[in-house]
Amino acid sequence: MMLVQYWSELVQVCLIAVIMAISPGADFAMVTRNSLFFSRKAGVLSALGVAAATWVHTAYTLAGLSLLMAASQEVFTLVKWIGASYLIYVGWKTWSSRMTLPDQGERQEFNMSHWSFFRQGFITNVTNPKTTLFYVSIFTQLVSQSTPVSMQVLYGLIICIAHGAWFSLLAAGITHRLVLAQLRRAGHRIGQCLGGALVMMGLGLLVSRTSYQ
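Conventions used here
Residues numbered from 1 in each chain as written. Predicted model: local features only at pLDDT ≥ 70, side-chain atom pairs only at ≥ 80, totals over all residues. Heavy atoms only, no water. Helix = DSSP H or I, 4+ residues; strand = E, 2+ residues; numbered from the N terminus. Contact = heavy atoms within 4.5 Å. Core = buried A, V, L, I, M, F, W, Y, C linked by side-chain atoms within 4.5 Å. Buried < 20%, exposed > 50% of the residue type's maximum accessible area, 1.4 Å probe, protein only. Axes fitted to C-alpha atoms, helices over the stretch in contact; angles between N-to-C directions. Parallel < 35°, antiparallel > 145°, perpendicular 65-115°, else oblique. Left-handed = near helix turned anticlockwise from the far one by under 90°. Phe/Tyr/Trp six-rings, centres within 6.5 Å; stacked < 30°, edge-to-face > 60°.

1. Observations concerning the environment of Leu 198
Topologically, Leu 198 is positioned in helix α11 (residues 189–207). Expressed as a C-alpha distance, the spacing of Leu 198 and Tyr 86, which sit 112 residues apart in the sequence, is 9.3 Å. Ignoring any residue separated from it by four or fewer positions in sequence, one finds Leu 198 in contact with Ala 26, Ala 29, Met 30, Arg 33, Leu 87, Ile 88, Val 90 and Gly 91.

See the structure below:
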């Protein structure tokens, strides 16, 4: 009965969730990086980290903390700088290491745990101010104040599933042997391009005027 009552909101949230997930950005670059240069599992773990981070955005939105961030430009700017610095750090490491795609069947050993890949995806999403703006837009403009918390939690679950599913599919698709065969021809340039993209995204956030005002 409740789903019928709020079907219009539900449809809008589903559409926005898909758009949020598939829009190219830092999450896309991070999952692609870890999938290509480490493994499909690393990419999926990063995807799960991204999906888990969406619950942080849902939690502070439901708790009303988004109103605090909207009122305090300093808080929002701090989040933006943390996210930008992290992207620049990871991007520079990727670019300077001249990472290359492993040959078919080659197993590479890395001193990185499963938790490390999950954490990278999580941090990349949770500190992205553009994701914060998406959430504030959804829960302040699309969702009615009378919408029950249970429905809003369902909306958060939909966004989480959309991100987890999309980026897991990305990790699986980009590590397909036919795709890798084509990408290997570019050698270390792939790593430099992804690293450069992450650095540019971070620098873009630093100089952007993205805000709640």
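2. Observations concerning the nonpolar core
Nonpolar side chains in soluble globular proteins generally cluster together in the buried interior. The biggest cluster of nonpolar side chains holds 14 residues, and the ones touching the most others in it are Ile 138, Phe 139, Tyr 155 and Ile 159. Of all elements in the fold, only α2 (7–22), α8 (129–142) and α9 (149–174) reach the threshold of two or more residues within this core. The leading source of residues in this core is α9, at five residues. What Tyr 155 contacts, discounting residues up to four positions off in sequence, is Tyr 6, Glu 9, Leu 10, Val 13, Phe 139, Val 143 and Thr 147. By size, the runner-up hydrophobic cluster in this structure holds ten residues, among which are Leu 36, Phe 38, Ile 190 and Leu 194.

3. Considering the packing of helix α3 (residues 26–37) against α9
At a minimum axis separation of 9 Å, α3 and α9 run at an interaxial angle of 40 degrees. One way to sum up the angle between α3 and α9 is to call them oblique. Of the two possible hands of crossing, α3 and α9 adopt the one that is right-handed. Residue-level contacts link Asp 27, Phe 28, Val 31, Thr 32, Ser 35 and Leu 36 of α3 to Phe 167, Leu 170, Ala 171 and Ile 174 of α9.

4. What about the packing of aromatic side chains?
This model, assessed by the stated rule, comprises three aromatic pairs. Relative to Phe 118, the ring of Trp 115 has its centre 5.5 Å away and its plane inclined at 25 degrees; by these criteria the two rings are stacked. Of this pair, Trp 115 and Phe 118 both sit in helix α7 (residues 114–126), separated by three residues, roughly a single helical turn. With relative accessibility at 52%, the residue Trp 115 sits in the exposed group. The class of Phe 118 is partly exposed, set by a relative accessible area of 22%.

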